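# Structure at a glance
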Amino acid sequence: MEIIRNIEIAGSAGKPILTDVFYKDGRDAKPVIIFVHGFKGFKDWGAYNLLARYFAEKRFVFVKFNFSHNGTTPANPLEFGDLEGFGHNNFEIEMDDLGRVIDWIHETPLVPEHQKDLNKIYLIGHSRGGGISILKAAEDPRIAKLVTWASVNDMARGWTEDRIAEWEKKGVIFVENSRTNQEMPLYYQLYENYMAHKERFDLMAATQKITVPFMAVHGTEDYTVPFEEGMELKRWNQKIKLDLIPHGGHTFGITHPYQEMNLPFDAQIVWEHTRDFLKLP
């Protein structure tokens, strides 16, 4: 298996995007999966390296990456050492970063032309990364299939009027990372950027616009993003294949760090269902 880790490509606002690619050498041109991590996530979280190997074994080119402003750094991609960068992240930056990754997989000689089928670029997005993937699939004709895992259905979820008023007054609000106990800043520019591009970031409109094959996977005991949000996506677009995982949580049983060689049952089901969906003609 070919594994190339921690490739730096140019990201938004001068910060790099750190990228990994996994594939099995062969004569066949393989579909390309780009995995999009969620809020407070990163490309090496939990079992994502096992995920990359799994799909590479199933004859995909698998790409995962860190958003340029996700709070990690190339020197230390496993920790949130750049909280200022995290605070200055916004949805426009993430959309731009994902576009740059798609450009990169087209252009990079690290994956030879005969190894990648550029007419079959698929997105898998988790949580907020699911929302970003929906928005990108709605506007970028290079995306041929879409899978979301525990996706949000509103990019502005949780932004109450009182919260926004406090945000504007202080210029910053903080979110706790329960794993690291860090208080992570979100600067008011995130809200301003959202409002400036509100139509572009409308997940209902984007979901209704999507015509490529789309599967939404959600656990019924997801307490971070309730499964009703996945059901709402289905209401907006009846062509979506909705795959509910009974008793499944937000990360389908995977935690970080993850040092087991075997997957939790829920994650195994999600990976298998995703593989089957992406293998369909």
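This text goes with the structure placed above it.
A brief report on the enclosed structure follows.

Calculation rules
All residue numbers here refer to positions counted from 1 along the written sequence of the relevant chain. Only residues with pLDDT of at least 70 are given local features in this predicted model, and only at 80 or more are side-chain atom pairs given and counted; all residues enter the totals for whole chains, interfaces and linings. Only hydrogens and water are set aside; all other atoms, that is, all heavy atoms of the structure, feed into the side-chain values. The cut-offs for exposure are 20% and 50% of the maximum accessible area for each residue type, with area from a 1.4 Å probe on protein chains only; residues under the lower value are buried, those over the upper are exposed, and the others partly exposed. In this description a helix means any DSSP run of H or I spanning at least four residues, a strand means any run of E spanning at least two, and both kinds are numbered starting from the N terminus. The contact criterion used is simple: two residues touch if any of their non-hydrogen atoms lie within 4.5 Å. By definition, a salt bridge exists where a carboxyl oxygen of Asp or Glu is found within 4 Å of a side-chain nitrogen of Lys or Arg. Charge counting treats Lys and Arg as positive and Asp and Glu as negative, with His and both chain ends excluded. Two N or O atoms count as a polar contact when they lie within 3.5 Å, although within protein this holds only if one can serve as hydrogen donor and the other as acceptor, and sequence-adjacent residues are included solely when both atoms are side-chain atoms. To pair, rings of Phe, Tyr and Trp, with the six-membered ring standing in for Trp, must have centres within 6.5 Å; the planes then decide the type, stacked if under 30 degrees apart, edge-to-face if over 60, and tilted in the middle. For a ring to carry a charge above it, either NZ of a lysine or CZ of an arginine must fall within 6 Å of the ring centroid while also lying within 35 degrees of the normal to the ring plane. At least two DSSP bridges between two strands are needed for those strands to be called paired. If you view a crossover with the strands going away from you and the path from the first strand over the helix to the second runs clockwise, you call it right-handed. Here, nonpolar core refers to any group of buried Ala, Val, Leu, Ile, Met, Phe, Trp, Tyr and Cys residues whose side-chain atoms link them within 4.5 Å.

With that out of the way, let us pick up helix α1 (residues 48-57). Along an α-helix, residues three or four positions apart point the same way, because every turn accommodates 3.6 residues. Taken together, the buried positions of α1 are Y48, L51, A52, Y54, F55 and A56. The secondary structure elements touched by the buried residues of α1 are β2 (16-23), β3 (30-36), β4 (61-66), β5 (116-126), β6 (143-149) and α9 (265-279).

This paragraph deals with the pattern of salt bridges. For the coordinates displayed, the defined rule picks out 22 salt bridges. With a closest N to O distance of 2.7 Å, R100 and D96 form a salt bridge. Of this pair, R100 and D96 both sit in helix α3 (residues 91-107), 4 residues apart, which is roughly one turn of the helix. According to the relative accessible area criterion, R100 is partly exposed, its value standing at 30%.

What follows is about the side chain of D243. Within the secondary structure, D243 is located in strand β10 (residues 241-245). The buried charged residue D243 lacks any salt bridge partner; its closest oppositely charged side chain belongs to K241, at an N-O distance of 5.9 Å. A distance of 2.6 Å separates a polar atom in the side chain of D243 from a polar atom in the side chain of H273. In this structure, D243 is in contact with M215, A216, V217, H218 and H273, ignoring residues within four places of it in sequence.

Omega for the bond connecting H256 with P257 falls within 30 degrees of zero, at 0°, which places this linkage in the cis form. Mapped onto the elements of the fold, P257 is located in the loop between β10 and α9. Of note in this structure, K40 is not a glycine but carries a positive phi near 60°. Mapped onto the elements of the fold, K40 is located in the loop between β3 and α1.

With that settled, the discussion passes to the side chain of K116. Residue placement: K116 occurs in strand β5. At 2.8 Å, the side chain of K116 forms a polar contact with the backbone oxygen of I105. Contacts of K116, omitting those with residues within four sequence positions, involve A29, K30, V32, V61, I105, H106, T108 and V111.

What follows deals with the packing of aromatic side chains. Counted by the stated rule, this structure contains 22 aromatic pairs. Measuring from centroid to centroid gives 5.7 Å for W45 and Y48, while their planes differ by 50°, and the two rings are tilted. Exposure remark for W45: the relative accessible area of 14% places this residue in the buried category. The class of Y48 is buried, set by a relative accessible area of 10%. Ring centres of F55 and F62 lie 5.9 Å apart, and the angle between their planes is 20°; this geometry places the pair in the stacked category. The two residues F55 and F62 agree in class, both being buried. An aromatic cluster of at least three residues, connected via ring pairs, comprises F35, W45, Y48, Y54, F55, F60, F62, W149 and W271. Taking NZ or CZ as reference, K279 lies 4.7 Å from the ring centre of F60, over its face.

A few words on the environment of D117. Examined against the element boundaries, D117 turns out to sit in strand β5. It is 5.2 Å that separates the C-alpha atoms of D117 and K30, two residues lying 87 residues apart in sequence. A polar contact is formed between the side chain of D117 and the backbone nitrogen of N119, at a distance of 3.0 Å.

Further remarks concern the pairing of β6. A large share of β6 lies buried, amounting to 6 of its 7 residues. As defined by bridge partners, β5 adjoins β6 across 6 bridges and the pair is classed as parallel. Along β6, the bridge assignment pairs H126 with W149. You can see the chain leave β5, run along helix α4 (residues 128-139) and come back into β6, and the turn it takes is right-handed. Alignment of β6 against strand β9 (residues 214-219), held across 4 bridges, turns out to be parallel.

What follows is about the nonpolar core. General note: in soluble globular proteins, nonpolar side chains tend to be found buried as a group. Within the largest apolar cluster, 86 residues are counted, with the highest numbers of intra-cluster contacts made by I34, V63, W149, W159 and W271. It is α3 that contributes the most residues to this core, 7 residues altogether. Beyond its immediate chain neighbours, meaning those up to four positions away, W159 contacts F91, I164, W167, L190, Y191 and Y194.

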